[in-house]
Amino acid sequence: MPNAHHRCEFFQARSVWKAMPQMHPLYMSQAFVDPYVNCAFGCVYCYGFNRFMPVEAEELSDSRVGVKTNAPFLLAQHLKTLSSPVPVVLGGVSDPYQPAEEQFCLTRRCLELLIDAHCPIVLNTKSALVLRDVDLLAPASEKGLALVNISVSTMKRSLSDWLEPLAPPPIDRLALIKKLSRRGVLSGAVIAPVFPRLTDHPVDLRLLIRTLAKHEAAYALPSSLWLTAARSVKPETSPESGQDATPAHGSDEALFWKGFEAVLSQNRPELVPYYERLAGVENEVEYMEWRRNVWALLTELCAQYHLPMNLPVDGAFSFSMLPETVLK
Ligand code: SF4
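Residues numbered from 1 in each chain as written. Predicted model: local features only at pLDDT ≥ 70, side-chain atom pairs only at ≥ 80, totals over all residues. Heavy atoms only, no water.

What follows covers the pairing of strand E8 (residues 146-152). The element E8 is extensively covered by neighbouring structure, given that seven of its seven residues are classed as buried. Here E8 shows two buried faces, one formed by Ala146, Val148, Ile150 and Val152 and the other by Leu147, Asn149 and Ser151. Two elements, strand E7 (residues 121-125) and E8, share five bridges in a ladder whose sense is parallel. Of the residues in E8, the one forming a bridge with Leu123 is Val148. Handedness of the crossover joining E7 and E8 through helix H5 (residues 134-142) is recorded here as right-handed. The pairing of E8 with strand E9 (residues 187-194) spans five bridges and is classified as parallel. Its bridge partner being in E9, Val152 is matched across the sheet by Ile191. (Buried < 20%, exposed > 50% of the residue type's maximum accessible area, 1.4 Å probe, protein only. Helix = DSSP H or I, 4+ residues; strand = E, 2+ residues; numbered from the N terminus. Pairing = 2+ DSSP bridges. Right-handed = clockwise from strand over helix to strand, strands pointing away.)

The description of an aromatic ring pair rests on the distance of the ring centres and on the angle between the ring planes. Per the stated rule, a full pass over the model turns up six aromatic pairs. Each ring, one from Phe10 and one from Phe104, has its centre 5.4 Å from the other, and the planes form 80°; the classification is edge-to-face. You can see Phe10 sitting in strand E1 (residues 7-11) and its partner Phe104 sitting in helix H3 (residues 100-104), a full 94 residues away along the chain. Among the aromatic residues, those joined into a ring-pair cluster are Tyr45, Phe195, Phe260, Tyr274 and Tyr275. Over the aromatic face of Trp295 sits the side chain of Arg291, whose NZ or CZ is 5.9 Å from the ring centroid. (Phe/Tyr/Trp six-rings, centres within 6.5 Å; stacked < 30°, edge-to-face > 60°. Lys NZ or Arg CZ within 6 Å of the ring centre and 35° of its normal.)

Set out below in structure tokens:
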């Protein structure tokens, strides 16, 4: 059932297919399909709600989960227009197996449609509900047409309790990777985000990578905290009619930053000045230096534990490349 903190709001979406301007270098995909808006797991670092809210749901508050009741219908219509299968990220913006899915099964229906259309699928989740759909995922994965990314930012409950207050415990998510792998679904971890001075300690990162290897993760894809939030970037695009909203950087990032800063103040107030400094435009060099160091450490650890830093897909981007050249 949907989380008690989040009420569901139903609406008819205008589109469930968000095409990307180019092949995503990490996910090797060309489109996002998200049956839900917002997410009941309430991670403090989530930017999905603010950045990708569909125009139809613009009145939705962040304590509501938007349920695109017509998502399978729209997806079926869209798939008919494709001349060949297109690789898709299912749940790139909101968790497709968040509690509402147990009741509404929209992700399962979209998954069936994408598999029927032979579209390669990259699925992102933190939820064990994904196991419900192993009957669909395992045969697709066997043909190289589906893999599941499990997202984890830390193994420390003392941090995840306030960074991801309503998400399943980190150790359960790691166990999920093993369960998926054992049941024939290619699965790895997205280590996202890595937080400066919170989750980036070498001892903690080593423990995380070692545990991922032990839980049979097929790969690890790290991503650092998006610290452009406090920078005054102007919006690049505006919502298109009939499409999900495209990212609008400036104001939405500022909103994200405001929310994150408030939670940081409550839990680790001594870090607020450091984060403010790191996020400042004038301190980009310091921020990039931090990213470079974290990437170097992760690259070393992943090599040591034989964890590839890219999807096992032809042409997939590897995180062992320098982050500033590709991840801006
Ligand atoms: S699980 Fe993912 S989509 Fe849901 S709140 Fe957390 S980061 Fe956002």
